[in-house]
Structure formats: C-alpha cells, structure tokens
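Take a look at the letters that make up each chain.
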Amino acid sequence: MLEKMKNAWRIPELRKKIIYTFGMLLIYRLLCVIPVPGINIAAVASAVKDYSILDFMNMMTGGSFQNMSIMAMGITPYINSSIILQLLTVAIPALEKLANEGPEGRKKINEYTRYLTVVLAFIQAVGLVFAMRANSNGGIWYLVIGLSMAAGSALAMWIGERITENGIGNGVSIIITANIIERLPQSLMALFEMMNSGFSASGTRFRLVHLLLLFVIFAAVTALTVLLTQGQRRVPIQMAKRIVGNKMSGGTTYMPLKVNFPGVMPIIFAGAILIFPPVLFQMIPNETVRSFAVYFQHDSYSYMTIYGLLILAFSYFWVANMFNPVQISDNLKKEGAYIPGIRPGKPTADFLDSTMTKVTFAGAIFLTALAVFPMLLTKWLKIPYQIASFFGGTSLLIIVGVTIDTLSQMESHLVMRNYDGFLQRGRIKSRRG
C-alpha cells in the first residue's frame, strides 16, 4: 500500500487533485469554527441531548450544529434541493425538457438547485432555531441567523462542487465523510469512559464482553459493507469480431451491474429528509400536532420503519434516474454487441431493466439493514448512537463506501499509467477470437 501511495504521488495530475481536495477540506473545517451571532448554545446543547435526530444531524455536520457555526446546516440543504429538483424534473415537462438538452440543460438545473439550496438553508435554520428556542435576542436576529447559516450552506455547496470538479472523488460525499471522521475521536473517548466507569450513558452496565461484541460487530459489518460496495451482477456480452490493424478483437466480455448502484446516497437522502418533520411539528402551536414529533424520534421503531422505507424508495429512485437501459441497449446495438439469448433492441432493454430491478432490490434491502442496525444497537445495548454508528452501520457504511469510490478513481489514474491499483480485484479478461 505504501508503494502504491508513492506511485500515486508521482503522477502530477493526481498529486494536484489530492492536494486540492485536502486544501478545500481544510477551508471547510476552518469555516466550521466561525460562530453564528445571537445563539443560545446551552439551549442547542440541551436540544441535541434530548432529540436524537438532532444528534444525528450534529454527527453529519462534524459537530458544527451543536456549536452553531455558520456551517451548522452543512451540506444537507444542498442534498434536499437536489432531491426536490430531481422529483420535479419527472413531474414538470419544462424541467424534463431541460434535463434532456444535455450539458446546457443540466447546467441550468444545477443553477436552480443552488438557488433552492440557499432558500432551504434559510428556512431550515430559522425553523430549527425557533423550535429549539435557541435565539438569545429574538426579533430581527432570526433574519441574521438565517442569512448566516444560508451563507454557510452556500459555501459548503461551493466547496463540494469544486472538489468534484477539480479534486478527487464526489465532493458532497467527501465532506460528509470528513464530518463523520471528525467525530471519531470523541466517540472513541466516550467508549473509553464507558469502559472505565463500567456504565453506559444511560446508566446500564457496560462490561468487557460488550466491548468485544462491538469489535466483532465492527469487523463483520465492515466485511459486509465491502461486499455490498464491490458486489456486482455480471451480464455476458458477445462482441462482434473486428480486425483492427493486424489484430482481431471481439469475443465475450461482461457488463457489471453493481448491487449497490446508488452507493450511500439513499442513506444521505433519507436522513436529510427526516430532519424536516420534527422541526415542522414543533413549529406548529398545537399540542396535538406537536405530539406527532415523537414518531420521528431517532431511536423509535416508527422512525426506523420510515427511514428504511425511504432508503428503499431512494435506492430505486436513484437507479431510475441514473441507469438508462434503453440507451445502453442502443449503444450495444451500435457497437454490434448483444446479450446471448436476448434479441437486440427493446428485448435487451427490458432484460437489463428487469435484471437491474432484481439486483437493486437485494442491494437496497442490504443497505437498509446496515443503516437501521446501529439504531437497534443503540436501543438494545443502550450505548450512544454516535458510537453505535461507527461500529454498526451508517457512519461505517458512508466511510467505507466513499473511501472505496475515491480509491477507485485514484486507481483509474494509476492503471492508465501502468501502475498497480489500490483495489486488488479479480479482473475478467475478454476472450479474443
């Protein structure tokens, strides 16, 4: 691994991308310490302690939410606005037409997404501060707080886009991963204190056997996460034989359909969406309506059920938007390739659609189980969620998924220059005629 890191550093283009990514992350973390004026930090800390959904948001923002910095909303409003625009693209013909116009149309939709991000960040910031009773001064200060946090989310969005464009990996995912890793030392310290005192935060006994159980779970979930991330269904493709120069190419190869095609995005989408309901319920001055907020408590079975269903829905939504079997079928036909036993054209598109649906179902169920598991771990073992998530699911899944995706991009640079890649996978070579 050390030799491969040296090889990566020797490539000027890749070295520049790595330095740029770390530089932008450093800027992001520096912005996370700039406080928002007019905030009662004690009220925020109390709300985070009482409502586990806010603790989840605090983890996703790397502690910026509890400290109420300008980055308290993090990248969440950008994710929410992306979801809304994708849904509206399907529902509104004008947006669908823009999406089909190629790069220029997508550029316009991205512009709408940025505007919507700022609006959502402002509304979400004011709503959360109002629900937590965290405004120290009231009145006009809601405007100041909302604008400050909206500006922070706009900066987070800009940093994420710059990393995607000029750095290595997906900028939004890398920012979320960096935020989660930032909380890791605090989680390990809390685990050490629990082991030292013999009691968990809820007052239940915490013995050595519980610690060993956590590490066994950590090893098992890590292995399952890697299998989920790397798993694929290989569809055989028969290529027409061609003579290129004095060589003959063609034969049988494979089209890999990833089991976890959407990656960690369904989890991020579902978590971002579920932040809204409890905030909205708390803002309505009616006790009956406010009582519904209990169903969105992070450690309740109702929340787990809704969370799991949203992950399943977003898994299929992502595949439906990003996987186009008709276009793939047309490309295969143009290349003179076909799937053995399947006629070219619509039958091939139907076969790919059916196969991808089955593969996505298995991946979505697996993804949902990994996401919900740390909540069950928290409920059953009575340990803090921030610890359970590192050892049991959500945080671990995001870290492993984003790390593998980033290493895959680095590997492509290495392989193009005849270096060994980071990921030692069994590669299936095409049989040449």
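For the structure given in this document, a descriptive report is provided here. As the structure is a computational prediction, the values presented were derived from the model and not from experiment.

A few words now on the packing of helix 12 (residues 208-230) against helix 20 (residues 394-416). Their axes nearest at 10 Å, the elements helix 12 and helix 20 cross at an angle of 45 degrees. Here helix 12 lies oblique to helix 20, going by the angle between them. When the axes of helix 12 and helix 20 are compared, the crossing they make is right-handed. Listed contacts from helix 20 to Phe218, Val221, Thr222, Thr225, Val226, Leu228, Thr229 and Gln230 of helix 12 are Leu396, Leu397, Val400, Gly401 and Ile404. In terms of residue class, the contact of helix 12 with helix 20 is built from 8 nonpolar, 5 polar and no charged.

Below, the discussion takes up the pattern of salt bridges. Charged atoms that come close allow side chains of opposite charge to pair. In total, this model carries 4 salt bridges according to the counting rule given. Across the pair Arg29 and Glu182 runs a salt bridge, and its minimum N-O distance is 3.8 Å. Of this pair, Arg29 sits in helix 2 (residues 12-31) while Glu182 sits in helix 10 (residues 171-182), and the two are 153 residues apart along the sequence. Between Arg162 and Glu165 there is a salt bridge; the shortest N-O distance is 2.7 Å. Here Glu165 and Arg162 lie together in helix 9 (residues 141-166), a separation of 3 residues that amounts to about one turn. By relative accessible area, Arg162 is classed as buried at 17%. Residue Glu165 is classed as exposed on the basis of its relative accessible area, which comes to 51%.

The next subject is the nonpolar core. Of all hydrophobic cores here, the largest spans 88 residues; its most connected members are Phe65, Ile79, Met132, Met149, Ile176 and Tyr307. Not counting residues up to four positions away in its chain, the partners in contact with Met149 are Val36, Met68, Ser69, Ile70, Ala72, Met73, Ala121, Ala125 and Val129. Ile237, Met255, Val319 and Leu332 belong to the second-largest nonpolar core, a separate cluster that totals 11 residues.

On to the packing of aromatic side chains. Applying the stated criterion across every chain yields a total of 7 aromatic pairs. Here a set of aromatic residues connected by ring pairs shows up, and it is made of Phe269, Phe314, Phe317 and Trp318. Above the face of the Phe130 ring, Arg133 is positioned so that its terminal group lies 5.1 Å from the ring centre.

To continue, consider the packing of helix 8 (residues 103-132) against helix 9. Packed helices, taken two at a time, are described by the angle their axes make and the gap between the axes. Two numbers describe how helix 8 lies on helix 9: the axes approach to 8 Å, and their chain directions differ by 135 degrees. Classified by the angle between their axes, helix 8 and helix 9 sit oblique to one another. Crossing hand, helix 8 versus helix 9: right-handed. Residues Arg114, Thr117, Val118, Ala121, Phe122, Ala125, Val126, Val129 and Phe130 of helix 8 pack against Tyr142, Leu143, Ile145, Gly146, Leu147, Met149, Ala150, Ser153, Ala154, Met157 and Glu161 of helix 9. Here the residues of the contact of helix 8 with helix 9 are counted per class, giving 15 nonpolar, 3 polar and 2 charged.

To continue, consider a nonpolar patch on the surface. On the surface, Ile84, Leu88 and Ile92 cluster together into a nonpolar patch covering about 200 Å² of accessible area. Structurally, Leu88 can be placed in helix 6 (residues 76-91).

The tally for this structure, following the rule as stated, stands at 2 cavities of 30 Å³ or more. By volume, the largest cavity is sized at about 120 Å³. Met60, Thr76, Ile79, Ile268 and Ala272 are, among the 15 residues lining the largest cavity, the residues nearest its centre. The biggest single contributor to the lining of the largest cavity is helix 13 (residues 265-273), with 4 residues. A class-by-class count of the residues in the lining of the largest cavity yields 10 nonpolar, 5 polar and no charged. As a volume, the second largest cavity reaches approximately 40 Å³. For the second largest cavity, the full set of lining residues is Ser329, Leu332, Lys333, Ala337, Tyr338, Ile339, Pro344, Gly345 and Thr348. Considering each element in turn, the lining of the second largest cavity owes the most residues, 3 residues, to helix 17 (residues 325-334). Residues of the lining of the second largest cavity, tallied by class, amount to 5 nonpolar, 3 polar and 1 charged.

The rules behind these values
Residues numbered from 1 in each chain as written. Predicted model: local features only at pLDDT ≥ 70, side-chain atom pairs only at ≥ 80, totals over all residues. Heavy atoms only, no water. Axes fitted to C-alpha atoms, helices over the stretch in contact; angles between N-to-C directions. Helix = DSSP H or I, 4+ residues; strand = E, 2+ residues; numbered from the N terminus. Parallel < 35°, antiparallel > 145°, perpendicular 65-115°, else oblique. Left-handed = near helix turned anticlockwise from the far one by under 90°. Contact = heavy atoms within 4.5 Å. Nonpolar A, V, L, I, M, F, W, Y, C, P; charged D, E, K, R; others polar. Salt bridge = Lys/Arg side-chain N within 4 Å of Asp/Glu carboxyl O. Buried < 20%, exposed > 50% of the residue type's maximum accessible area, 1.4 Å probe, protein only. Core = buried A, V, L, I, M, F, W, Y, C linked by side-chain atoms within 4.5 Å. Phe/Tyr/Trp six-rings, centres within 6.5 Å; stacked < 30°, edge-to-face > 60°. Lys NZ or Arg CZ within 6 Å of the ring centre and 35° of its normal. Patch = residues over 30% accessible without salt bridge, like charges linked within 9 Å, V, L, I, M, F, W, Y side chains within 5 Å. Areas by Shrake-Rupley, 256 points an atom, 1.4 Å probe, with all protein chains shown as cover. 1 Å grid on protein atoms, 1.4 Å probe; cavity = no way out; pocket = protein on both sides within 12 Å on 5 of 7 lines; lining within 4 Å. Points joined across faces, edges and corners; volume = space filled by probe spheres on them.

Read these as geometric descriptors, not functional statements.
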